[in-house]
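Breakdown of the fold
Read off the chains here:
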Amino acid sequence: MPRREKTKKDELLDELLQGKAPEDLIKELTAAVVNRALEAELTEHLDYEDGEEPPESQANRRNGHRTKKVRTGQGEVEIAVPRDRDGTFDPQLVKRYQRAIPGFDEKILAMYARGMSTRDIRGFLEEEYGVDVSPDLISRVTDSVVDELKQWQSRPLQAMYPIVYLDALVVKVRSQGAVQNKSLYMVIGVDEDGIRDVLGLWLQDTEGAKFWLSILNELRHRGVQDILFLCADGLAGLPEAAESSFPRTVFQTCVVHLIRASTRLVPWMHKRAVCKDLRPVYTAANIEAAATALEQFEAKWGPKYPMVARAWRSRFEEWTPFLAFSPEIRRAIYTTNVIEATNRQIRKVLKTKGHLPNDEAVMKLVWLVLRGLSSTWRKLKRHRDWATVRLHLAMHFEGRFRVEL
């Protein structure tokens, strides 16, 4: 039996996930989730996947679909209810005569994205809808996002991003019978209109120039031709990889991370004073003034806390590039806090899971969290004071960054 071709709902879902669809396609996303859940129910009923050969001893087969309009929290949507030849399939998530599924778009995937276990989701559906679904069914529904994740991860990107932020968080993954730490790397780009977008996710247990080169080359393959600023923190091999892939890009180390790392061993009774005296270093008018301020800081605090000035001096060429630009640009590139805010939301969910069984489970869960944060991203998507920032970018990068009049 040939595989079912992509339906209109599937295409609309793919378009939405690529960021190309208008806001009213939220209803289509709801319909797509319901459709996939119903397909999973029929698979469980018939005991064979769509596109597979049915068991030889079984006469019942898939028999197309019938359309049905239902009311949801987003308005009325049209769903495709799968049928079987014998007419014995009685869907449970959307019953035969049910015409309303309010809030279903916030159910299974949203609950999973918030860290709820399969058992918790099963209990909620039974309490809310009176539906007893198997753990395998819930797994089928959540697994349906894997293909969508792959499409999202390989979608085309814009040709130029004025700012790209890169950061990592540690996740616990079971591998070969033991739980180990892996790093999940996230790249967020800010486009010419100041709109933020997660460009991709990568899970890796080691880092280095070769790894970063593969990520940056992947961005190039997906259409990125130029990056004005690449902002990250202490990631081994990244400056060298950026120089190779995007030689005109300004690499900026996160100043906030450097402050935290350099003062980590300073006792609390002196930390406030040390941080205050560091401020003239990273707010200096230019690189020469920063070097002078660092010497003054070292003369005062060097005898007691030599590791602070040593950290700033050893990475001097990595954190000082932003000093060559206007205050408006400095505020936009001196920290990777844009990513850290998103990482905090991801950590909340990962904390409830403890550890995940494999790499695919990590990527699936994190991507669902990002998708669940879409409403927040819409409210905060534009970079603060972007109109002023883009004007200064146009003056500093004439020919590479253009402001349309």
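Here the residue numbering is sequential within each chain, running from 1 through the sequence in written order. A pLDDT threshold of at least 70 governs which residues receive local features in this predicted model, and a stricter bar of 80 or more applies before side-chain atom pairs are shown or counted, although totals over entire chains, interfaces and linings include all residues. To get the side-chain values, all heavy atoms of the structure are used, and hydrogens and water are removed first.

Things to note about the packing of aromatic side chains
What counts as a ring pair is set by centres within 6.5 Å for rings of Phe, Tyr and Trp (its six-membered ring), and what kind of pair is set by the plane angle: stacked under 30 degrees, edge-to-face over 60, tilted for all other angles. Counted according to the given criterion, the structure contains 11 aromatic pairs. On the numbers, 4.9 Å between centres and 55° between planes, the contact of Phe 211 with Trp 212 is tilted. The two residues Phe 211 and Trp 212 agree in class, both being buried. The interplanar angle of 20° and the centroid separation of 6.1 Å between the aromatic rings of Tyr 282 and Trp 312 together place this pair among those described as stacked. A residue pair is termed long-range when its members are at least 10 positions apart, and Tyr 282 in helix H10 (residues 268-282) and Trp 312 in helix H12 (residues 306-314) qualify at 30 residues. Relative accessibility thresholds used throughout: buried, under 20% of the residue-type maximum; exposed, over 50%; partly exposed, between the two (1.4 Å probe, protein chains only). Residue classification places Tyr 282 among the buried residues on the basis of a relative accessible area of 16%. Feature note: the residues Tyr 282, Trp 312, Phe 316 and Trp 319 constitute an aromatic cluster, connected by ring pairs. A ring is considered to have a charge above it if a Lys NZ or an Arg CZ atom is located within 6 Å of its centre and within 35 degrees of its normal. It is Arg 220 that lies over the ring of Phe 246; its NZ or CZ is 5.6 Å from the centre. Lying across the ring of Phe 322, Arg 330 places its NZ or CZ 5.8 Å from the centre. Numbering of helices and strands runs from the N terminus; a helix is a DSSP stretch of H or I covering at least four residues, while a strand is a stretch of E covering at least two.

Considering the pattern of salt bridges
Here, a salt bridge means any Lys or Arg side-chain nitrogen found within 4 Å of an Asp or Glu carboxyl oxygen. Evaluated as defined, the whole model comprises 12 salt bridges. Here Arg 222 makes a salt bridge to Glu 218, at a shortest N to O gap of 3.7 Å. Assessed through its relative accessible area of 7%, Arg 222 is described here as buried. Of the charged contacts in the structure, one is a salt bridge between Arg 313 and Glu 298, with a shortest N-O distance of 2.7 Å. Taken together, the residues Arg 313 in helix H12 and Glu 298 in helix H11 (residues 287-301) connect sequence positions 15 residues apart. Owing to a relative accessible area of 39%, Arg 313 belongs among the partly exposed residues under this scheme. Relative accessible area serves as the criterion here: at 32%, Glu 298 is assigned to the partly exposed category.

As for the sheet that holds strand S4 (residues 178-190)
The criterion for strand pairing is that DSSP finds at least two bridges linking the strands in question. Strands sit in the order S5-S4-S3-S6-S7 across an open sheet of 5 strands; the sheet is mixed. Each edge of the open sheet is held by one strand with a lone partner, namely strand S5 (196-204) and strand S7 (250-253). For this sheet the average axis-to-axis angle between neighbouring strands, irrespective of direction, equals 25°. Where strand S6 (residues 226-232) meets S7, 4 bridges bridge the pair, whose relative direction is parallel. Here, axes are lines fitted to C-alpha atoms. For helices the fit covers the stretch in contact, and angles between N-to-C directions go from 0 to 180 degrees.

What about the packing of H11 against H12?
Between H11 and H12, the least distance of the axes is 9 Å, while the angle of their chain directions is 160°. In this view, H11 runs roughly antiparallel relative to H12, as classed from their interaxial angle. As for how H11 packs across H12, the hand of that crossing is left-handed. Side by side, H11 and H12 meet where Leu 294, Glu 295, Phe 297, Glu 298 and Trp 301 of the first sit next to Pro 306, Val 308, Ala 309, Trp 312 and Arg 313 of the second. Counted by class, the contact of H11 with H12 contains 7 nonpolar, no polar and 3 charged residues. Here is the rule for angles: anything less than 35 degrees is roughly parallel, anything more than 145 is roughly antiparallel, 65 through 115 is roughly perpendicular, and the remaining ranges are oblique. Crossings are sorted by hand: turned counterclockwise from the far helix by less than a right angle, the near helix makes the crossing left-handed, and turned clockwise it makes it right-handed. In this analysis, two residues are considered to be in contact whenever any of their non-hydrogen atoms come within 4.5 Å of each other. Each residue is assigned to one class: nonpolar for Ala, Val, Leu, Ile, Met, Phe, Trp, Tyr, Cys and Pro, charged for Asp, Glu, Lys and Arg, and polar for all the others, Gly among them.

Observations regarding the side chain of Glu 39
Relative to the helices and strands, Glu 39 is located in helix H2 (residues 26-46). A 3.5 Å cut-off defines polar contacts: any pair of N or O atoms within that distance qualifies, except that in protein one atom must be a possible hydrogen donor and the other a possible acceptor, and neighbouring residues in sequence count only when both atoms are side-chain atoms. Within polar-contact distance, the side chain of Glu 39 engages the side chain of Arg 62 at 3.2 Å. A polar side-chain atom of Glu 39 sits 2.5 Å from a polar atom in the side chain of His 65.

Digging into the environment of Ile 215
Mapped onto the secondary structure, Ile 215 falls in helix H7 (residues 209-221). The buried category is assigned to Ile 215, whose relative accessible area is 2%. Separated by 30 residues in the primary sequence, Ile 215 and Tyr 185 have C-alpha atoms spaced 9.9 Å apart.

A closer look at the confidence of the model for the chain
Interpreting fine coordinate detail is not advised for predicted regions of low pLDDT. Taken over all residues, the pLDDT of the chain has a mean of 81, while the share at 70 or more is 77%. What pLDDT expresses is the predictor's confidence in each residue, scored from 0 to 100. When pLDDT is averaged over each helix and strand of the chain, the minimum, 49, is found for helix H1 (residues 8-17) and the maximum, 96, for H11. Contacts from residues 19-25, a stretch scored under 50 in pLDDT, to residues over four places away or in other chains number 6 contacts.

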